[in-house]
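In case you want the letters, here they are:
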Amino acid sequence: MLHKMRAHIYGCTSGHKKDEIASAPSTRQSRIRLSSSRLDLLHAYNRLMLGTSNDYEVFFGNIMKKLGVAEDRQIDFDLESANFRVMFLLARTMFHEFAHAFCMAYVSSSDGIEPWIADNISNEIGYALEKYVLGGCPTPNVVIDHSSMNNEDHAQQKDHAPFGLSFAENWDLWRPESKLELRKSPINQDLTNVVYPLPQRHIHELFGNELWTQKVDRFGSSAVKHPKLQRWKVLQDFQKHWIATAVPRNLLIDTDANPGGHGSAPRSS
Ligand SMILES: [Zn+2]
């Protein structure tokens, strides 16, 4: 189901109150709701390709100006690449929510919490599966250090992902505890986190045939994992901001390790 949802909530999975039986014995139904925001963007991009509307371009034409970048320093965005990022993020949300639904199929919602996977500190199975399969939890880079940007602008950056994606080595390092998400102490007390940019080329590969028909056969599931570009890694500090040495100090990028802003229930991404 596609819904208008609160900004920054892209997906949400909830169990049925009465634990209705699903198709297999001893399993239960759940309901996945997805925000329409990214699907709306995919439609807007299609309209641009058809030449019937340029809505999609407008955001990209204004974002640099909103950030106060001088006209002669503004860059042109590759809109096809941006569209691939949106498709990827939508697919990632569906994958994430499906993990919750799979868990709910076997664990009654009244039983409470999800399992911990491997050495994850938090028991959030959606992110744990992303980390397991993709090697990290991708999130849009968002520029937040500008006074002229309001919440809506911030939400639009998260929707359009104009500045690419990144992922942290540890997705749950500072994740707060909630009713459904509990924290274990980290085995390794070193709370340094490393964040990597996600190469656009990798996102394109995920939508290509070669990866699925050749590379996965040759290299197994590691072929789909996010590559870690060592030269571009940056340390994440305790404020959940990361500062690249190559980036001016006033350009802070919010890695937003908790895009769902999980409350007590239901599960969301
Ligand atoms: Zn989740």
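This one's a predicted model, so the numbers in the text were calculated from it and none came from an experiment.

Engineer: Is there a simple way to think about the overall build of the protein chain in this case?
Structural biologist: Broken down by element type, the protein chain carries 7 helices and 11 strands. The buried share of the protein chain, reckoned over its 269 residues, is 30%. Looking at the protein chain alone, contacts between residues at least 24 apart form 71% of all its contacts between residues at least 6 apart.

Engineer: Honestly, the packing of helix α1 (residues 37-50) against helix α3 (residues 79-106) in this entry has me stumped. Any pointers?
Structural biologist: How two helices sit against one another is set out by the angle between their axes and by the gap between those axes. It is at 9 Å that the axes of α1 and α3 come closest, and there the two elements cross at 150°. Relative to α3, the element α1 lies roughly antiparallel. Handedness of the crossing formed by α1 with α3: left-handed. The residues of α3 that touch α1, namely those facing Arg38, Leu39, Leu41, Leu42 and Tyr45, are Leu79, Asn83, Val86, Met87, Leu89 and Leu90. Split into classes, the residues belonging to the contact of α1 with α3 amount to 9 nonpolar, 1 polar and 1 charged.

Engineer: Explain the nonpolar core to me, please; I cannot follow it from the model alone.
Structural biologist: Soluble, globular proteins show a tendency: their nonpolar side chains are buried together. Val86, Ala161, Phe167 and Leu198 are the most contacted members of the largest nonpolar core, which totals 23 residues. Mapped by element, the contributors of at least two residues to this core are α1, α3, α4 (125-134), β6 (165-168) and β7 (193-198). Per-element tally for this core: the top contributor is α3, with 7 residues. Not counting residues up to four positions away in its chain, the partners in contact with leucine 198 are Pro138, Gly164, Leu165, Ser166, Phe167, Ile203 and His226.

Engineer: How should I be thinking about the packing of α1 against helix α2 (residues 55-66) in this particular structure?
Structural biologist: Interhelical geometry of α1 versus α2 gives an angle of 100° and a closest axis separation of 7 Å. Comparing the axis directions of α1 and α2 gives the class roughly perpendicular. Where α1 abuts α2, its residues Leu41, Ala44, Tyr45, Arg47 and Leu48 lie against Asp55, Tyr56 and Glu57. Its residues assigned to classes, the contact of α1 with α2 comprises 5 nonpolar, no polar and 3 charged.

Engineer: Would you mind going over the environment of aspartate 78 with me for this structure?
Structural biologist: Note that aspartate 78 resides in the loop between α2 and α3. Of the residues examined, aspartate 78 has 11 C-beta atoms within 10 Å and is grouped as exposed. Each C-alpha atom, one on aspartate 78 and one on proline 162, is 9.0 Å from the other, the two residues being 84 residues apart in sequence.

Engineer: Explain the pairing of strand β2 (residues 11-15) here, please?
Structural biologist: Within β2, 4 of the 5 residues are buried, leaving the element largely enclosed by the surrounding structure. As judged from the 5 bridges shared by β2 and strand β3 (residues 30-35), these two strands associate in the antiparallel manner. Paired with threonine 13 across the two strands is isoleucine 32, which belongs to β3.

Engineer: I keep staring at unusual backbone geometry and nothing clicks. Help me out?
Structural biologist: Among all residues save glycine, negative phi is the norm, and among peptide bonds the norm is trans. Despite not being glycine, alanine 118 has its phi angle at roughly 50°, a positive value. Relative to the assigned elements, alanine 118 resides in the loop between α3 and α4. Even without being a glycine, alanine 161 presents a positive backbone phi close to 50°. If you trace the backbone, alanine 161 turns up in the loop between α5 (151-160) and β6.

Engineer: In this structure, what is going on with α5? I would like to understand it.
Structural biologist: The periodicity of an α-helix, 3.6 residues per turn, causes residues three or four positions apart to be oriented the same way. If you check which residues of α5 are buried, you get Gln156, Gln157, Lys158 and His160. The elements touched by buried residues of α5 are α1, α2, α3, β4 (139-140) and β5 (142-143). Alanine 161, located one to two residues past α5, shows a positive phi value of around 50°.

Engineer: Just checking my understanding: could you explain helix α7 (residues 209-219) for this structure?
Structural biologist: With 0 of its 11 residues buried, α7 lies for the most part at the surface. Immediately downstream of α7, the backbone of glycine 220 shows phi near 75°, a positive value.

Engineer: When you look at the confidence of the model for the protein chain in this model, what are you seeing that I'm missing?
Structural biologist: Keep in mind that low pLDDT regions are not for reading the predicted coordinates in detail. Taken over all residues, the pLDDT of the protein chain has a mean of 82, while the share at 70 or more is 79%. Note that residues 1-6 has pLDDT below 50 and, in this model, 10 contacts with residues that lie over four places away or in other chains. For residues 240-266, every residue scores under 50 in pLDDT, and the model assigns this stretch 59 contacts once sequence neighbours within four places are set aside.

Engineer: Just checking my understanding: could you explain the environment of leucine 235 for this structure?
Structural biologist: Inspection of the secondary structure assignment puts leucine 235 in strand β8 (residues 234-236). Taking the C-alpha atoms as reference, leucine 235 lies 9.0 Å from tyrosine 196; in sequence the two are 39 residues apart.

Conventions used here
- Position numbers for residues count from 1 along each chain, tracking the sequence in the order it is written.
- In keeping with the predicted nature of the model, local features appear solely for residues at pLDDT of at least 70, side-chain atom pairs appear and are counted solely at 80 or more, and the whole-chain, interface and lining totals rest on all residues.
- Each helix is a run of DSSP H or I of at least 4 residues and each strand a run of E of at least 2, with the numbering of both proceeding from the N terminus.
- Neighbour counting defines burial: a residue surrounded by 20 or more other C-beta atoms within 10 Å of its own C-beta is buried, one with 12 or fewer is exposed, and intermediate counts give partly exposed, using backbone-placed C-beta atoms.
- Working definition of a contact: two residues with C-beta atoms, positioned from the backbone, lying within 7 Å.
- Only the stretch in contact is used when fitting a helix axis, every axis being a line fitted to C-alpha atoms; angles between N-to-C directions are given from 0 to 180 degrees.
- In these notes the angle categories are as follows: under 35 degrees is roughly parallel, over 145 is roughly antiparallel, 65 to 115 is roughly perpendicular, and the rest is oblique.
- A crossing counts as left-handed when the near helix is turned anticlockwise from the far one by less than a right angle, and as right-handed when that turn is clockwise.
- The nonpolar class holds Ala, Val, Leu, Ile, Met, Phe, Trp, Tyr, Cys and Pro. Asp, Glu, Lys and Arg form the charged class, and all remaining residues, Gly among them, are polar.
- Only buried Ala, Val, Leu, Ile, Met, Phe, Trp, Tyr and Cys residues enter a nonpolar core, and they are joined through C-beta atoms within 7 Å.
- Pairing between strands requires that DSSP locate at least two bridges from one strand to the other.
- Residue-level confidence of the predictor, termed pLDDT, takes values from 0 up to 100.

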